[in-house]
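# Summary of the model geometry
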Amino acid sequence: MTQFESGHRVDGFVIDASIHTGGMAHIYSVHCADPAQQPDFPLIMKVPRMTAADGAENLVGFEIEKQILAVIRGPHAPRFVAAGDISALPYLVMEYIPGKTLQAWLDDKPKRDTTEIARIGALIAHAVHSLHQQEICHLDLKPANVMLRDADGVVLLDFGLSWHARYPDLLAEEQRTTAGS
């Protein structure tokens, strides 16, 4: 898939900038072309990589994340806005979470105060508990997938390997090996 340039339009969204290119997806900041449709929070668009070298797990993970984000509730996950058709152009538009990942926080200053570590650990446990109450298992919980939001919360990211008790397990149908962290 070709990366989008600033100003490119995808359905009702305008690409502002590329903010991350990962192993499985490209992430763009976007806004609604119609200002009346713009929610009161910033947006990102996640577009799965789809090159000949990429496996089916990219698209399967996209479908899983789309299912999970559409039903998850609470402050521990980005708010879902829209999704593109997998047969035309798959993408997810969701809330942009400002801040830094737990991984970046750890990398900035390797030696941390134990009270601060315990506080963040408790926030992560609370977020995971919230998911479990909604019958969702993240299955890829790692510092890079935990966004620190201000001083009082965490947001879990990247639900592409997640599992919901009431939905089919698409990854089990596609893969034979264990994935996730």
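Everything below is about the structure shown above.
Residues numbered from 1 in each chain as written. Predicted model: local features only at pLDDT ≥ 70, side-chain atom pairs only at ≥ 80, totals over all residues. Heavy atoms only, no water.

### Observations regarding the sheet that holds strand β6 (residues 92-95)
- Read from one edge of the open sheet, six strands run β1-β2-β3-β4-β6-β5, paired in antiparallel fashion. Strands with a single pairing partner mark the edges of an open sheet, and in this sheet they are β1 (9-10) and β5 (80-83).
- When strand β2 (residues 13-21) meets strand β3 (residues 25-32), the two strands line up antiparallel, connected through seven bridges. Counterpart to A17 in the pairing with β3 is S29. (Pairing = 2+ DSSP bridges. Helix = DSSP H or I, 4+ residues; strand = E, 2+ residues; numbered from the N terminus.)

### Structural notes on the packing of aromatic side chains
- One pass over the structure, following the stated rule, counts two aromatic pairs.
- An angle of 50° between the planes, with centres 5.5 Å apart, marks the rings of F4 and Y28 as tilted. Of this pair, F4 sits in the segment before β1 while Y28 sits in strand β3, and the two are 24 residues apart along the sequence. With respect to burial, F4 and Y28 carry one shared label: buried.
- Ring geometry for F13 against Y91: centres 6.3 Å apart, planes inclined by 75°, an arrangement best described as edge-to-face. Taken together, the positions of F13 in strand β2 and Y91 in the loop between β5 and β6 put the pair 78 residues apart, joining distant regions of the chain. (Phe/Tyr/Trp six-rings, centres within 6.5 Å; stacked < 30°, edge-to-face > 60°. Buried < 20%, exposed > 50% of the residue type's maximum accessible area, 1.4 Å probe, protein only.)

### Points about the pairing of strand β10 (residues 153-156)
- A two-sided burial pattern is seen for β10, the buried positions comprising G153 and V155 on one face and V154 and L156 on the other.
- Taken together, the four bridges between strand β9 (residues 146-149) and β10 define a ladder with antiparallel strand orientation. Its bridge partner lying in β10, L148 is registered against V154.

No statement about biological role is implied by the geometric values presented.
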